[in-house]
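# Structure assessment
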Amino acid sequence: MPEEPSRSAAAEAIRRYAPMVYGPTALYSLGQGAILPLLPIIAREFGADLATAALVTAMLVVGQLCGNLPAGWLVSRIGERHTMTAAAVVSLAGIAGMLLSRHLGVLMASVLLIGFCAAAFALARHTFMTTRVPLPLRARALSLLGGSFRLGMFTGPFVAAALLGLFGDESASIWFFGACLVGVGLLVTFGPDPEEKAAHAERTAREQRSAELDPADAEDTGEAVTASIPTAQPTGVFRSIWEHRRVLSRLGLAAASLSAVRAARPAVLPLWGLSIGLDSPTIALVVGVSGALDFALFYASGQVMDRFGRLWAAVPALVLMGGALLALAFTHDLSSATMWFGVFAVVIGVGNGLSSGILLTLGSDVAPKGSPAPFLGAWRTLTDAGGALSPLVVSGLTAAVSLSVATGAIGVVGLLGALAFIRWVPRFVPNPRRDDR
């Protein structure tokens, strides 16, 4: 076990600087969660119809989708910390555009820019966790990262409601997001750098181990000891995609199916409640309970993945979500439709919670060790594309056939995704338990 001391040192450094690892993500997502529910309302004030208001909200996802590949290139060139600082600064330009714009096109461009920067911020933190977290702890660490994001998105709407109550103006939430971005920028720029601390801990552990093996190696040479961060020659984004096309076209598409099923939940459940005649408070309660279960289980997912393997989180999650959506499709006209709606919403929430961090973890597992950022940019593009296409598929099938057919189709995608994970995870993904031994 020659690498165990450095692994323990790196893990201890990450635990010690956990606020710097997870704090910026939670703060950023809190601000984003505060403006997300208000984007359609702001768009309507600009004179947008319902379809255009929905498009304004979608610009955030489109920006993330477009930003993943450039973010992978940027992280591989200037590093995680500088990328996050740049993303926070450029996002402030998007905030200024939202506050000052008087035209719908400027609002859409501002939201697109914020989504673009969100991709850079998320990929930078994902890259750090990939390079620094030991494999036996990786899933738990990344589940906490996913939980930090979910915490902000879960509490953000409540902050927005409080700000609306205090100021009676949607722009208060935009100002709040701007303040969060300033806080993120200050944290990542002037706070302790977890990357440097982890690298220093690893170097110190190696020197101690070397001294124990050969005390002569530990003699003081009079030279300053500095913590170096291992680097590799940056790899181009498109070269990385070509070199890893097999895993991206197989396991990557399976991951995209999970992302698609996840994204269907906020699209399908409110529509289903409306279609069976429920009022808004009841729908909000059911969706809220489903979201609360999703949030409550995020760390359990990491425990399962680290202790038993990635399949034991991915496959049950997809079977639960896919099976629940498929079964829900057959309950629309039943006399007990409301009861089944509540039951399957809970099942979907549990399945979504069990999948927390799985896409981040799988991406880290199969990323190249030397230069992971370009690969992770491609990986996140695939998974974000699955999430972006899912609401469009639901909308199209609902318009062409029915909501039941759309819901069942997404359920089938989830079950097929479970089969794809069973097929490809053992081939491409290392086993953390075997690595421990």
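Notes on the structure in this doc start here. (Residues numbered from 1 in each chain as written. Predicted model: local features only at pLDDT ≥ 70, side-chain atom pairs only at ≥ 80, totals over all residues. Heavy atoms only, no water.)

### Re the overall build of the protein
- Assigned secondary structure in the protein consists of 19 helices and zero strands.
- The buried share among the 437 residues of the protein stands at 49%.
- Partitioning the intrachain contacts of the protein with sequence separation of at least 6 by distance along the chain shows that 86% fall at a separation of at least 24.
- On the protein, roughly 19400 Å² of surface is accessible, and the fraction owed to carbon and sulfur atoms is 67%. (Helix = DSSP H or I, 4+ residues; strand = E, 2+ residues; numbered from the N terminus. Buried < 20%, exposed > 50% of the residue type's maximum accessible area, 1.4 Å probe, protein only. Contact = heavy atoms within 4.5 Å. Areas by Shrake-Rupley, 256 points an atom, 1.4 Å probe, with all protein chains shown as cover.)

### As for the pattern of salt bridges
- If you walk through the whole model with that rule in mind, you get seven salt bridges.
- Linking D306 and R140 is a salt bridge whose minimum nitrogen-to-oxygen distance equals 2.8 Å. You can see D306 sitting in helix α13 (residues 298–308) and its partner R140 sitting in helix α7 (residues 138–167), a full 166 residues away along the chain.
- For D306, a relative accessible area of 6% translates into the label buried.
- Here the residues in one salt-bridge network are R138, R140, D306, R310 and D365, joined through shared partners. (Salt bridge = Lys/Arg side-chain N within 4 Å of Asp/Glu carboxyl O.)

### Examining the nonpolar core
- One finds L251 and F421 to be the most contacted residues of the largest nonpolar core, which totals 89 residues.
- Filtering out sequence-adjacent residues up to four positions away, L251 remains in contact with V366, W379, F421, W424, V425, F428 and V429. (Core = buried A, V, L, I, M, F, W, Y, C linked by side-chain atoms within 4.5 Å.)

### Remarks on a positive patch on the surface
- Taken together, the side chains of R245, R246, R423 and R427 make up a positively charged region of the molecular surface.
- Elements with a contribution of two residues or more to the positive patch: α11 (245–275) and α18 (403–428).
- Among the residues examined, R245 registers a relative accessible area of 41% and is labelled partly exposed. (Patch = residues over 30% accessible without salt bridge, like charges linked within 9 Å, V, L, I, M, F, W, Y side chains within 5 Å. Lys, Arg positive; Asp, Glu negative; His and termini not counted. Charge placed at Lys NZ, Arg CZ, Asp CG, Glu CD.)

### A closer look at the packing of α7 against helix α12 (residues 280–296)
- Interhelical geometry of α7 versus α12 gives an angle of 155° and a closest axis separation of 10 Å. It follows from the interaxial angle that α7 and α12 lie roughly antiparallel. Crossing angle aside, the handedness with which α7 passes α12 is left-handed. Across from G147, R150, L151 and F154 in α7, the residues of α12 making contact are G291, A292, D294 and F295. (Axes fitted to C-alpha atoms, helices over the stretch in contact; angles between N-to-C directions. Parallel < 35°, antiparallel > 145°, perpendicular 65-115°, else oblique. Left-handed = near helix turned anticlockwise from the far one by under 90°.)

### Re a nonpolar patch on the surface
- Taken together, the side chains of L92, V182, L186 and F190 define a hydrophobic patch exposed on the protein surface, amounting to about 390 Å² of accessible area.
- Ranked by residue count, the leading element in the nonpolar patch is helix α8 (residues 171–190), at three residues.
- Tracing the backbone shows L186 in helix α8.
- Look at L186 and you get partly exposed, because its relative accessible area is 48%.

### Here's the deal with the environment of A96
- If you trace the backbone, A96 turns up in helix α5 (residues 80–100).
- The class of A96 is partly exposed, set by a relative accessible area of 32%.
- Spatially, the C-alpha atom of A96 lies 8.2 Å from that of S110, the residues being 14 residues apart in sequence.

### Focus on the side chain of Q32
- Relative to the assigned elements, Q32 resides in helix α2 (residues 18–35).
- Setting aside residues up to four positions removed in sequence, Q32 forms contacts with L60, Q64, A118, M153 and F177.

### Considerations on the environment of L326
- Relative to the assigned elements, L326 resides in helix α14 (residues 311–328).
- Classification of L326 by relative accessible area gives partly exposed; the value is 26%.
- C-alpha of L326 to C-alpha of G414: the two residues are 88 residues apart in sequence and 9.2 Å apart in space.
- Not counting residues within four places of it along the chain, the set of residues in contact with L326 comprises G408, G411, V412 and L415.

### As for the packing of aromatic side chains
- With the rule as written, the count across this model stands at six aromatic pairs.
- Seen in terms of ring centroids, F295 and F298 are 5.4 Å apart; in terms of plane orientation they differ by 40°. Their pairing is tilted.
- Ring geometry for W424 and F428: centres 6.0 Å apart, planes at 35°, overall tilted. With a gap of four residues between them, W424 and F428 both fall in helix α18, about one helical turn apart. Comparing W424 with F428, the two get one shared label, buried.
- Three or more aromatic residues joined by ring pairs make a cluster, and in this case those are Y28, F121 and F177.
- Across from the ring centre of W242, 3.9 Å away, lies the NZ or CZ of R245, which sits over that ring.
- Against the face of W424 rests R423, its NZ or CZ located 4.4 Å from the ring centre. (Phe/Tyr/Trp six-rings, centres within 6.5 Å; stacked < 30°, edge-to-face > 60°. Lys NZ or Arg CZ within 6 Å of the ring centre and 35° of its normal.)

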